[in-house]
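So you can see what is in the structure, the chains are spelled out below.
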Amino acid sequence: MDPSQARALLQRRVDAYSDELCDKMTRMLDQLVALRSSVDDATRPAVDAALELFVHACRNVAFDHSFDSRPGPRPRPQLIAAQDQASVDAVVDGLDTLQRLCDQQGEFQEWVDALNNARTYWAAATYVQHARATLT
């Protein structure tokens, strides 16, 4: 999937749910695309690799059900030309922030899912109680 398709997926969630994380992911996607066109040829492979991985992240955050992939091992850092280092560092800082936000959202969703499971058990307990009550 190319970045414009990932952007469209994110934008659908922003439009439908005012999804703040998807909005931030969209802005970072735009930053990575802009970075790609501004860096030296020596740096471009690193940015291309980061952009491809970020598109995967966008698909996950946008709940693209046609995408079922888990991250592989952590990649090794790639060459960044000295003249591109400041621009790359600015994007890296933004990626650090987004990683924390994604982790926080994952933790929240884990809690919500657990709460939904608890509600299901409590509803089941009530039904069992009602079944018992009808027999006594």
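These figures come from a predicted structure and were not determined experimentally. (Residues numbered from 1 in each chain as written. Predicted model: local features only at pLDDT ≥ 70, side-chain atom pairs only at ≥ 80, totals over all residues. Heavy atoms only, no water.)

Overview of the overall build of the chain
Move 1: Across its full length, the chain carries four helices and zero strands.
Move 2: In sequence order, the secondary structure elements of the chain are arranged as α-α-α-α.
Move 3: Projected onto the principal axes, the alpha-carbon positions of the chain cover approximately 80 × 30 × 25 Å.
Move 4: Residues classed as buried in the chain amount to 25% of the 136 residues present.
Move 5: In the chain, the proportion of contacts linking residues at least 24 apart, taken out of those at least 6 apart, comes to 66%.
Move 6: When the accessible surface of the chain is totalled, it reaches about 9700 Å², and 54% of it is carbon and sulfur. (Helix = DSSP H or I, 4+ residues; strand = E, 2+ residues; numbered from the N terminus. Buried < 20%, exposed > 50% of the residue type's maximum accessible area, 1.4 Å probe, protein only. Contact = heavy atoms within 4.5 Å. Areas by Shrake-Rupley, 256 points an atom, 1.4 Å probe, with all protein chains shown as cover.)

Observations regarding the pattern of salt bridges
Move 1: In total, this model carries seven salt bridges according to the counting rule given.
Move 2: Among the ionic pairs, Asp 30 bridges to Arg 7, the shortest N-O distance being 2.9 Å. Remark: Arg 7 occurs in helix H1 (residues 3-17) and Asp 30 occurs in helix H2 (residues 20-38); sequence separation between them is 23 residues.
Move 3: We classify Asp 30 as partly exposed; its relative accessible area is 31%.
Move 4: As a salt-bridge pair, Arg 36 and Asp 48 come within 2.3 Å of each other at their nearest N and O atoms. Here Asp 48 lies in helix H3 (residues 44-61) and Arg 36 lies in helix H2, a separation of twelve residues in the sequence.
Move 5: Among the residues examined, Arg 36 registers a relative accessible area of 32% and is labelled partly exposed.
Move 6: Take Asp 48: its relative accessible area is 30%, and that puts it in the partly exposed class. (Salt bridge = Lys/Arg side-chain N within 4 Å of Asp/Glu carboxyl O.)

Focus on the environment of Arg 59
Move 1: Inspection of the secondary structure puts Arg 59 in helix H3.
Move 2: According to the relative accessible area criterion, Arg 59 is buried, its value standing at 12%.
Move 3: Counting along the chain gives 58 residues from Arg 59 to Met 1, while the straight-line C-alpha distance between them is 9.1 Å.
Move 4: Among all residues touching Arg 59, those that are not within four sequence positions of it are Met 1, Leu 9, Asp 64, Ser 66 and Phe 67.

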